[in-house]
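Close look at the chain arrangement
Spelled out from the first residue to the last, the chains are:
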Amino acid sequence: MQPMLLALILGFSAISTAMSAELPPYRRPDLPVDQRVADLLSRMTLEEKIDQLHQCGVGDANPNNLIQRADELRATYGSFMTAGDLALRNALQRRAVEQTRLGIPAIFGADVIHGYRTIFPIPLAQACAWDADLLRHACRSAAESARADGLDWTFAPMVDHGVDPRWGRIAETFGESPYAGSVFAAAAVTGYQEGPQGIAACLKHYVGYGASEGGRDYSSTEIAPQRLWEMHLPPFEAGVRAGALTVMSAFNDLNGVPASANHYTLTEVLRQRWGFQGFVVSDWGAVQQLIQQGYAADEADAAQLALLAGVDLDMADGLYRQHLAGLIAAGRVPLAAVDEAVSRILRVKFERGLFEQPFVAPSALTGAAPTPAQLDLAEEFAARAMVLLKNTGVLPLGPEVRRLALIGPLATDQAALLGSWAQQGRAAEVASIEAGLRERLPAGVSLRGAPGCPIEGGGREGFDAAVALARESDAVVLCLGESAGMSGENASRSTLRLPGLQEELALVVAAAGKPVVLLVVSGRPVELAAVEPKMAAILAVWQPGTRGGAAVADLLLGRRNPSGRLSVTWPRTSGQIPIYHNMRPRARTGKEGAYQDIDTSPLYEFGHGLSYTTFAYGPIRLARPTVKPGETLTAEVTVTNTGKRDGIETVLWFIRDPAASITRPLKDLKHFESASIAAGASRGFRFEIDPARDLSFPDADGHRIIEPGEIILFAGPETARFNVGP
Ligand code: GLC
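Just so you know, these numbers come straight off a predicted model, no measurement behind them.

Read across the sheet, five strands follow the order 4-3-2-1-10 without closing on themselves; strand pairing throughout is parallel. Since the sheet does not close on itself, it has two edges, and those belong to strand 4 (153-154) and strand 10 (314-315), each with one partner. Pairing geometry for strand 2 (residues 79-81) and strand 3 (residues 107-110), over three bridges, is parallel. Bridge pairing in strand 3 links serine 79 to isoleucine 107.

Spelled out as structure tokens, the structure:
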């Protein structure tokens with residue numbers, strides 16, 4: 001190296017060393033994060049510490065209101081909830097970084113649940129694709145767009161147990177399998193947080209929210225401790241193991257101790273058992289709600305209970321800001337507890353690089369419309385997520401269909417396809433079902449529409465035109481279901497019946513005598529018992545996102561082969577709820593203990609889904625008849641595509657332990673794998689059974705138990721038995 005160059009380098013490094021030596025430790029990225037946290041904490045006043053524990057919930061994220069309301073938006077707040085406005089975000093951040101004593105950056109979060117501007121299918125539908133890589137890719141894509149608009153953090157993935165379709169938020173869950181929920185939780189966390197444009201993930205709603213009594217949102221939840229560990233905690237643990245940086249505490253009262261003040265779950269389990277190092281944010285107003293729930297006597301009490309239980313950042317209600325100083329002065333909250341909460345938040349901010357790069361530079365994605373790549377991904381995901389529930393052979397639509405009737409209130413509705421958490425998604429950018437069909441119908445096929453009736457309300461005045469159109473057509477595509485607001489938060493319904501007059505419309509249209517393909521646009525399973533017999537085919541479209549209509553058209557026309565499989569049980573009636581695949585066995589079988597007025601089985605089982613091809617399963621092959629703890633046992637099955645079309649098959653591996661010290665589910669999903677199999681070809685699927693992971697079960701305090709005895713293994717229609725040795 002040239003002497004001059006060497007001298008320059010040495011000179012620069014000496015200067016930078018001298019400069020960094022002058023910087024306070026918390027400003028030095030070369031130092032360990034814990035050292036930076038400790039240094040910064042030592043410099044903070046109590047007021048600055050308490051402000052770090054406040055997230056400013058901005059109901060109206062109107063940039064003008066926010067900036068003008070500077071008095072309410074103190075520059076020292078720890079976090080802001082904004083989305084869709086990079087300039088606003090950077091303006092708020094500039095105040096935090098340049099106009100405060102210590103220049104602590106804020107962290108900006110929002111709900112990026114299933115897409116940012118390009119909207120993917122709702123999570124309940126995503127899970128029906130049984131493809132963790134696709135889900136991870138979608139989360140990463142959403143994160144890149146959200147980051148470009150200035151977000152550092154998403155309040156996702158939602159990994160609550162989705163088992164009660166009356167609960168509007170089942171739409172946001174990955175369904176009823178804790179195993180599948182765990183796989184998808186980890187995939188989502190990784191997708192959101194990985195890469196240079198990653199954003200912090202947030203596992204929510206911790207914990208037990210999916211058991212809201214009666215499916216009524218915000219209700220209490222009565223969950224036996226063993227069931228909490230079996231059904232509700234696993235996806236959160238998987239998300240923590242995947243490196244989730246934050247967790248959101250839930251609204252629900254959990255067995256008499258609200259989740260946002262529950263020391264057992266928030267500290268003993270989440271931190272002491274799982275080693276979670278990030279921070280916990282309360283759900284919107286959940287601290288204040290402790291009063292309504294009868295757990296806190298007043299606001300100060302609520303703040304004390306939440307903080308001491310393990311909630312670090314208070315979303316929106318401001319109780320930490322208003323009461324923590326007084327609680328410390330009164331000796332009700334030790335300063336050390338506040339310091340611990342502040343440290344957790346600062347640690348995440350340091351780890352996310354917010355001190356070095358507090359601002360987000362505009363990029364090609366900032367405020368941008370969906371890119372072709374994002375739209376292609378959304379269309380792929382939408383098509384993979386849809387589930388063909390019934391098909392008497394009318395699908396895919398063949399050349400005999402020259403006149404197609406498109407009937408129903410969801411045929412042209414764009415907003416309904418976005419679902420309830422569409423963030424920056426725009427209805428105008430959504431491919432409706434009608435648009436999708438018009439875009440893809442072969443030349444010469446006519447498409448005429450009639451709404452028939454509105455989604456809800458209205459009268460029968462549109463029936464005649466719909467029936468007349470059906471009579472003049474070769475086939476009917478009937479688009480029924482829910483509006484976006486009929487699922488999601490605070491959207492519980494007492495019945496799963498199709499809203500309004502839609503069920504009646506289905507029956508009169510079917511009476512016209514032409515084959516009817518029913519498309520169900522919804523955020524939940526809906527009651528179809530009355531109409532199912534009259535339908536030639538039924539496709540669960542869910543809320544498929546921006547490219548939903550195009551994906552529907554591809555499936556109806558056979559350009560794609562349906563491959564979705566239900567992530568949730570589809571009840572016959574609301575009265576069957578709760579009904580799910582991993583129930584414990586009944587004391588009696590057959591008609592004993594069943595409903596005497598209807599078939600006790602669901603309309604469609606968990607894992608149900610048809611294809612335009614057929615798959616045949618060979619017998620399950622086990623490497624040996626017994627496995628001991630510490631060993632693994634290989635199970636394999638060969639699946640053959642016996643049809644004429646290539647198709648994707650998902651092999652779901654379930655186990656059942658027929659005799660255990662804690663009764664085990666009838667079927668318990670423990671592994672799954674999806675693969676494309678060419679027509680006529682065969683493919684092997686393998687499950688490496690690890691007894692500790694796959695055959696153990698939790699007791700009431702989450703300690704894993706594994707017991708010797710027989711295990712029944714299921715894959716498709718095949719079963720096999722093996723023994724767990726001592
Ligand atoms: C809502 C939801 C939660 C969301 C938060 C912020 O009440 O329960 O899922 O992340 O508030 O919008």
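Read on, since the account is not over.
Across the two faces of strand 6 (residues 246-249) the burial is the same, with Thr246 and Met248 and Val247 and Ser249 all buried. Summarising the sheet, strand 5 (residues 202-206) and strand 6 pair through three bridges and their orientation is parallel. Note on strand 6: the bridge partner recorded for tyrosine 206 is serine 249. Bridge count between strand 6 and strand 9 (residues 279-282): four bridges; the pairing is parallel. Each residue of the ladder has a partner; that of threonine 246, found in strand 9, is phenylalanine 279.

Applying the stated rule across the entire model yields 23 aromatic pairs. Each ring, one from tyrosine 77 and one from phenylalanine 80, has its centre 6.0 Å from the other, and the planes form 50°; the classification is tilted. For the pair shown, tyrosine 77 and phenylalanine 80 are each scored as buried. Summarising the aromatic geometry, the rings of tryptophan 153 and phenylalanine 279 are spaced 5.2 Å apart at their centres and angled 75° between planes, so their arrangement reads as edge-to-face.

Let us now look at the pairing of strand 15 (residues 516-521). In terms of burial, strand 15 is a largely internal element, six of the six residues being buried. Side chains Val516, Leu518 and Val520 project from strand 15 onto one buried face, and the interleaved Val517, Leu519 and Val521 project onto a second face that is buried too. A crossover connection joins strand 14 (residues 475-481) to the parallel strand 15 through helix 19 (residues 502-510); in handedness this β-α-β unit is right-handed. As defined by bridge partners, strand 15 adjoins strand 16 (residues 537-540) across four bridges and the pair is classed as parallel. In the strand pairing of strand 16, leucine 518 is matched with isoleucine 538.

A few words now on the domain arrangement of the protein chain. Taken domain by domain, the protein chain comprises domain 1 (32-351), domain 2 (372-576) and domain 3 (615-724). On the domain 3 side, the residues contacting the eight residues of domain 2 number six residues. The contact between domain 2 and domain 3 buries some 580 Å² in all, and 42% of this surface belongs to carbon and sulfur atoms. In terms of surface lost to domain 3, no three residues of domain 2 exceed Asn561, Ser563 and Arg565, which account for 69% of the buried area on that side. Summed over the shared surface of domain 2 and domain 3, the result is one salt bridge. For arginine 565, the salt bridge is made with glutamate 649, and the minimal N-O distance between the two is 3.3 Å. Our count for the domain 2 to domain 3 interface comes out at four residue pairs in polar contact (both at pLDDT 80 or more). The class makeup of the residues in the side of domain 2 that touches domain 3 is one nonpolar, three polar and four charged.

It is worth spelling out the environment of alanine 405 at this point. Relative to the elements of secondary structure, alanine 405 occurs in strand 12 (residues 403-407). Spatially, the C-alpha atoms of alanine 405 and leucine 307 are 59 Å apart, while their sequence positions differ by 98 residues. Apart from the residues lying within four places of it in its own chain, the contact partners of alanine 405 are Arg448, Leu469, Ala470, Ser473, Ala475, Val476 and Val477.

Attention shifts here to the pattern of salt bridges. Throughout the structure, instances matching the rule amount to 54 salt bridges. Between arginine 321 and aspartate 51 there is a salt bridge, and its shortest N-O distance comes to 3.3 Å. You can see arginine 321 sitting in helix 14 (residues 319-329) and its partner aspartate 51 sitting in helix 3 (residues 46-52), a full 270 residues away along the chain. The partly exposed category is assigned to arginine 321, whose relative accessible area is 31%. Among the residues examined, aspartate 51 registers a relative accessible area of 2% and is labelled buried. Lysine 390 is the partner of glutamate 532 in a salt bridge, and the nearest nitrogen-oxygen pair spans 3.2 Å. Here glutamate 532 is found in the loop between strand 15 and strand 16, whereas its partner lysine 390 is found in strand 11 (residues 387-391), with 142 residues between them in sequence.

This brings us to the sheet that holds strand 6. Paired through their backbone hydrogen bonds, the strands of a sheet run either parallel or antiparallel. Strand order in the open sheet made by the three strands is 5-6-9, with parallel pairing throughout. The outermost strands of the open sheet, each flanked by one partner alone, are strand 5 and strand 9. With strand direction ignored, the average angle separating the axes of adjacent strands in the sheet is 25°.

Let us look at the site of the ligand. Near the ligand, the surroundings consist of Asp111, Phe155, Arg169, Lys204, His205, Met248, Phe251, Asp283, Trp284, Met315 and Glu489. Residue histidine 205 places a side-chain N or O atom 2.6 Å away from an oxygen atom belonging to the ligand. Between the ligand and the protein, one listed contact pairs an oxygen atom with a side-chain N or O atom of glutamate 489 at 3.0 Å. Of the residues contributing to the shell around the ligand, the split by class is five nonpolar, one polar and five charged.

About the cut-offs
Residues numbered from 1 in each chain as written. Predicted model: local features only at pLDDT ≥ 70, side-chain atom pairs only at ≥ 80, totals over all residues. Heavy atoms only, no water. Pairing = 2+ DSSP bridges. Helix = DSSP H or I, 4+ residues; strand = E, 2+ residues; numbered from the N terminus. Buried < 20%, exposed > 50% of the residue type's maximum accessible area, 1.4 Å probe, protein only. Phe/Tyr/Trp six-rings, centres within 6.5 Å; stacked < 30°, edge-to-face > 60°. Right-handed = clockwise from strand over helix to strand, strands pointing away. Domains from an automatic or database assignment. Contact = heavy atoms within 4.5 Å. Buried area = accessible area lost by both parts, 1.4 Å probe. Salt bridge = Lys/Arg side-chain N within 4 Å of Asp/Glu carboxyl O. Polar contact = N/O pair within 3.5 Å; in protein donor to acceptor, adjacent residues only side chain to side chain. Nonpolar A, V, L, I, M, F, W, Y, C, P; charged D, E, K, R; others polar. Axes fitted to C-alpha atoms, helices over the stretch in contact; angles between N-to-C directions. Near = heavy atom within 4 Å.

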